[in-house]
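Remarks on the overall topology
Below are the chains, spelled out letter by letter.
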Amino acid sequence: MNLTDILAQAGGIESMAKELGIPPAMAKQGADALLPAILGGFKKQAQSGGGGAQGLEGLGGLLGQLGGGGLLDSVLGSQPTPVSQGNEVLGQIFGSKDVSRTVAGQAAAQTGIDTGILKQMLPMLAMMAAGYMAKQGGASGGGAASGGLGGMLGNVLGGAMGGGAAPSAGGLGGIGKMLDMDGDGNPLDDIMGMVNKMRG
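Residues numbered from 1 in each chain as written. Predicted model: local features only at pLDDT ≥ 70, side-chain atom pairs only at ≥ 80, totals over all residues. Heavy atoms only, no water.

**Topic: the environment of Met133**
Counting through the fold element by element, Met133 comes out in helix H8 (residues 115-137). Spatially, the C-alpha atom of Met133 lies 8.4 Å from that of Gly60, the residues being 73 residues apart in sequence. (Helix = DSSP H or I, 4+ residues; strand = E, 2+ residues; numbered from the N terminus.)

**Here we look at the nonpolar core**
Grouped together as the largest cluster of nonpolar side chains are 53 residues, with contacts concentrated most on Ile38, Phe42, Phe94, Met121 and Leu125. Top contributing element to this core by residue count: H8, with 14 residues. Setting aside chain neighbours within four positions, we find Met121 in contact with Met16, Leu20, Ile22, Met26, Ala27, Gly30, Ala31 and Leu34. (Core = buried A, V, L, I, M, F, W, Y, C linked by side-chain atoms within 4.5 Å. Buried < 20%, exposed > 50% of the residue type's maximum accessible area, 1.4 Å probe, protein only. Contact = heavy atoms within 4.5 Å.)

**What about the environment of Ser48?**
Mapped onto the elements, Ser48 comes out in helix H3 (residues 24-48). The exposure class of Ser48 is exposed, given its relative accessible area of 61%. Remark: the alpha-carbon pair of Ser48 and Leu59, spanning eleven residues in sequence, is separated by 9.4 Å.

**Looking at the pattern of salt bridges**
Counted under the stated rule, the structure contains four salt bridges. Lys28 is the partner of Asp32 in a salt bridge, and the nearest nitrogen-oxygen pair spans 3.9 Å. Here Asp32 pairs with Lys28, and both are found in helix H3, just four residues apart, close to one helical turn. Among the residues examined, Asp32 registers a relative accessible area of 25% and is labelled partly exposed. We note a salt bridge from Lys135 to Asp73, for which the minimum N-O separation is 3.1 Å. Linking Lys135 in helix H8 with Asp73 in helix H5 (residues 70-76), this pair joins segments that are 62 residues apart in sequence. (Salt bridge = Lys/Arg side-chain N within 4 Å of Asp/Glu carboxyl O.)

In short, shape yes, function no, at least from these values alone.
Here's what the structure looks like:
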């Protein structure tokens, strides 16, 4: 099961669709297109923290600081989603608004969904992904590296975190493979490359 399915089961996709006034099928399609880059951002955070268990501990700590499992609950709740929290998550994993814009632009090109809608979806999806990972990894208890978060990211991103063979984009499905031009398992690298080219 991919993360979109997991979030759909939790009610997150429907909740997001309702809030944005779009059909759930469109929300799911948008999530499928955006989540690989969001997960790639989390993976980058873990790798920048030293990869392996150490990086995952750092990522677990970051998820806790950003709001932990409560982030997922905020999207699922009946109140409007506090997207400022989602934008904070995106700021951490993407580093700049340019990256968010490029991610939304890429997803729009793939899906035909309006970029404006995708931009609104990004912070919500970032909150859901962060909240889900925090719940899985027990980020609040600091035991993120004990397998929960590592296994979760490994499964979602298709391949082991850190050392060994380069992770394949298999766990990301077709869109992940499409985005992962250099075959390193992280579609965000290619998006970052595109952003840097545009700036250059």
